[in-house]
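Structural features, examined
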Amino acid sequence: MSVMSSVMRGARRLVHADPVLLSSFLSTPRSSAPLFTCQPSRKLATKQVKGQKKEQKSKTVKPKVDKQEVEIRQRMTAEELARAMNKDFDHVLLALLNTAVDVDALQPDSQLEERLIKEVVTRSGMKFKWAKMSTSRERENQDAHRRPPADPASLVPRPPVVTIMGHVDHGKTTLLDSLRKSQIVSTEAGGITQHIGAFLVQLPTGEKITFLDTPGHAAFSSMRARGASATDIVILVVAADDGVMNQTVESIQHARRAEVPLIVAVNKCDKPQADPQRVKQELLAHDVVCEEFGGDIQAIHISALKGNNLLALVEATVALAEVLELKADPSGLVEGLIIESRTVKGKGPVTTTIIQRGTLKRGCVLVAGKSWAKVRFLFDENGRVVTEAGPSSAVEVVGWKELPSAGEVILEVESEQRVKEVVEWRQYEEEQQKLQEEQSIIELKQKQHLDEYRKEREELSLLNWRQRKSALYKANKIKFSMRPSERTQRDKLMLPLIIKGDVDGSVEAILNILDSYDAQEQCQLELVHFGIGEVSENDINLAETFAGSVYGFNVGAHKSIQQLAQKKGIPLHLHSVIYKLIDQLKVELSSKLPPVIMQNTVGEATVLTVFDVSMGKKKVMVAGCRVKKGHLDRRHKFKLIRGQETIWEGCLAALKHHKDDVQTVRTGMECGLSADSNVEFITGDVIVCVEEQKAPQVTSWNPGF
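What comes next is a walk through the structure.

1. Things to note about a nonpolar patch on the surface
- On the surface, a nonpolar cluster with roughly 270 Å² of combined accessible area is contributed by F611, V613 and M615.
- By secondary structure assignment, the location of M615 is in strand β23 (residues 596-615).

Below, the structure is given as structure tokens:
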């Protein structure tokens, strides 16, 4: 206490002291020498040095480099991803090394999963962002277009393009064979045309006609439509002994849509059962009025096999061509139409092309869809090299960088730089369209999810939290009890397919048939991949990944590929006739389906009386019956029918004759039987014994032929 009080008194004196005196006392001495000197500790010095080093480091930190942004979207191909990153395809392959992807099987047009796209971008030291659809079309339209109509003074006459159409096996190719004096039919599998054939025919009179032979089979509707749109005249071949058939009517419709004039060739008039008059009368029902009935359509009676009256058909074609005054401009940039496209060993992508304007020469730069070519070679229908092709000529073009689709318009451009601009613009247009479709799908899914969520919340809004939790648990009980991997497994039957064809038109025809598949509730049909060319190892590996089948049309498979497919258990079906391929597909679809249980009635019995029998402490109802027809077998199932209604279906607990347990009871015999469940029998009931048999189920899909 004494120390504390003295401190307090000293503090009071300082407060009441003279301020000037106090300031002089507290002021620092004028001398610069310190009152106390001591060496700084080593520890403190070390801390200061560390701090100084940190300050120096912080000053020399490099500025953060912004990573390149890459626009990505779903279902991008490897080539599209490389282009978005300003890299080549090999860079994508290097980025995917040491991943689960089979890099050797990866192609430029292979679609990548979302996680793989992100991984490639991240491994490349870039960052990704989802592509958005451009709201404003700021990019200049760099597409190539057809030229405006030519000056009439520059037009010169050109040969007519004539398409031969009609029903399958009515003699179209035989007619063309007779005109060309060659054997075209013998080269077609099954004796039916399965491609578009384009031929320039030199007639004895000196005129030239370009003929297109289209398939008549029901599967090749798109080929017939393409042939009609590329032609000037359609020769409709109808067999005199068969009359107007389905594809005959379809050919008339194609010609009418393309606004192309018709000439009717009534073929097979040499046969005894031929009736050309009936054919012309049947054509009246489809608004095809021949000259005999007051119309303007010529009808020529011919025999393509024997060559009868072919000169009259040629004269009618030449006369109609003169009336049409067919002319074209042989100068300027080339315009044409791809009739067929395929991949040929040693040549690469090859297209069969009809030239519509200009003159095609070696070295021309062409664009068709998103594919382009610098013409290396031109071949005629006989495989001979030609130097140029004018209007109405049919030639094979070699030099395409990628295989274009059949039906695409061919346009010539000035240079390779210009063609790359056109292809880039068309790819941009396609990407924008895909993004728009994906955006609409996403918005629709979001709207559906939101509606379902709101509906669910409305149902639960009247419940308290405990009731709500219980209701949610019951609703999701099955889902919660399953593993995430089990939830994604498909419980439906499925047949994945890999389709390979020799030409683009063949693949297109098969895809059109698959579009008509309407038995998805039985077995889902999933198209994994389709392409042109022989069956490759990549196709077998793809089929193994998806547990699917490989179908080849008019293509082969090397012996090593066939052995690989057999080793891996991959079904490999190679066909040269299209309806046989479809039949094989239907057989495979049917084999995927579970068998159908068929019930056959073995015997019938009538209930005469009903009584109870004690079995221990339990009473069992027994029906006393007489077998009316067939026999009753305890091993089979039984039905209890009362009037027209089936009351019960199941197995018997006991079957006795007198007091003996028996296996079967035959016609006219009496027996007592009891059911394996509580069933009430009434006098007059009918008991039917049925035998269950498994029968193979057949797919309900009918492609129409």
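2. A short note on the sheet that holds strand β20 (residues 524-532)
- The parallel open sheet is built from 4 strands, whose spatial order is β20-β19-β21-β22. Strand pairing shows two members of the sheet lacking a second neighbour, β20 and β22 (572-575), which therefore form its edges. Here the average twist between neighbouring strands, direction ignored, is 20°.
- Bridge analysis of strand β21 (residues 549-553) against β22 gives 4 bridges, and the strand direction is parallel.

3. Points about the nonpolar core
- Residues I164, L175, F211, I235, I263, I302 and L313 are the most contacted members of the largest nonpolar core, which totals 26 residues.
- For this core, the elements supplying multiple residues, two or more each, are β4 (161-166), α7 (172-180), β5 (197-202), β6 (208-213), β7 (233-239), β8 (262-267) and α11 (310-324).
- Counting residues per element, this core draws most heavily on α11, which supplies 7 residues.
- Counting residues in hydrophobic clusters, the runner-up holds 22 residues, among them L495, A509, I510 and I513.

4. Details of a negative patch on the surface
- Taken together, the side chains of E452, E456, E458 and E459 present a region of like negative charge at the surface.
- One can find E458 in helix α12 (residues 416-460).
- You can call E458 exposed: its relative accessible area is 57%.

5. Some points on helix α19 (residues 578-592)
- Its 15 residues place the ends of α19 22 Å apart at the C-alpha level, agreeing with the 21 Å of an ideal helix rising 1.5 Å per residue.
- If you check which residues of α19 are buried, you get I578, L581, I582, L585, E588, L589 and S590.
- Packing partners of the buried residues in α19 comprise β19 (494-501), α16 (504-515), β20, β21 and β22.

6. Brief notes about the side chain of D502
- Along the chain, D502 turns up in the loop between β19 and α16.
- Of note is the side chain of D502, whose polar atom sits 3.1 Å from the side chain of S506.

7. Digging into the sheet that holds strand β12 (residues 348-357)
- Ordered in space as β11-β12-β17-β15-β14-β18, the 6 strands form a closed barrel in which the pairing is antiparallel. Across the sheet, the mean angle from the axis of one strand to that of its neighbour is 50°, orientation sign disregarded.
- Taken strand by strand, α12 contacts β14 (365-368), β15 (371-379) and β18 (409-413), and its axis lies near 10° from that of β14.

8. Let's talk about a positive patch on the surface
- A contiguous patch of positive charge on the surface is contributed by R362, R376, K401 and K420.
- With respect to the helices, strands and loops of the structure, R376 is situated in strand β15.

9. A word on the packing of aromatic side chains
- All chains considered together, the criterion is met by 3 aromatic pairs.
- Taken together, a centroid distance of 6.2 Å and an interplanar angle of 40° make the contact between F377 and F379 tilted.
- On the accessibility criterion, F379 (11% relative accessible area) is buried.
- Note on W425 and Y428: the rings are 5.5 Å apart at their centroids and 40° apart in plane angle, and the pair reads as tilted. Taken together, the residues span about one helical turn, with W425 and Y428 both in helix α12 at a distance of 3 residues.
- Under the relative-accessibility criterion, W425 is labelled buried at 5%.
- Against the face of F379 rests K347, its NZ or CZ located 4.0 Å from the ring centre.

How each quantity is defined
Each chain carries its own residue numbering, running from 1 in the direction its sequence is written. Per-residue local features are limited, in this predicted model, to residues with pLDDT of at least 70; the limit for side-chain atom pairs, both in listing and counting, is 80 or more; totals at the level of whole chains, interfaces and linings are taken over all residues. Excluding hydrogens and water, the side-chain values take into account all heavy atoms of the structure. Two distance rules govern patches: like charges are joined within 9 Å, and nonpolar side chains (Val, Leu, Ile, Met, Phe, Trp, Tyr) within 5 Å, applied only to residues with over 30% relative accessible area and no salt bridge. Areas reported here follow the Shrake-Rupley algorithm with a probe of radius 1.4 Å; residue values treat only the protein chains shown as occluding. Basic side-chain nitrogens of Lys or Arg form a salt bridge, by our definition, when they fall within 4 Å of a carboxyl oxygen of Asp or Glu. Numbering goes from the N terminus for both helices and strands, where a helix is a DSSP run of H or I of at least four residues and a strand is a run of E of at least two. Strands pair, by our definition, only if DSSP identifies at least two bridges between them. Helix axes are fitted to C-alpha atoms over the stretch in contact, other axes to C-alpha atoms as well, and angles between N-to-C directions run from 0 to 180 degrees. As used in this record, nonpolar core signifies buried Ala, Val, Leu, Ile, Met, Phe, Trp, Tyr and Cys residues forming a set joined through side-chain atoms within 4.5 Å. For every residue, the accessible area (1.4 Å probe, protein chains only) is compared with the maximum for its type, and the residue is labelled buried under 20%, exposed over 50%, or partly exposed between those bounds. Charge counting treats Lys and Arg as positive and Asp and Glu as negative, with His and both chain ends excluded. One atom stands in for each charge, and that atom is NZ of Lys, CZ of Arg, CG of Asp or CD of Glu. Under the convention used throughout, the expected extent of a helix is 1.5 Å for every residue step, that is, one less than its residue count. Residue contacts follow a heavy-atom distance rule, with two residues in contact if any of their heavy atoms lie within 4.5 Å. Throughout this description, a polar contact denotes any pair of N or O atoms lying within 3.5 Å of each other; where both atoms belong to protein, one of them has to be capable of donating a hydrogen while the other can accept it, and for residues adjacent in sequence the pair is counted only when both atoms sit in side chains. Aromatic contacts are taken between Phe, Tyr and Trp rings whose centres are within 6.5 Å, Trp giving its six-membered ring; a plane angle under 30 degrees counts as stacked, one over 60 as edge-to-face, and the others as tilted. Counted as over-ring charges are cases with an Arg CZ or a Lys NZ within 6 Å of the ring centre that also lie within 35 degrees of the ring normal.

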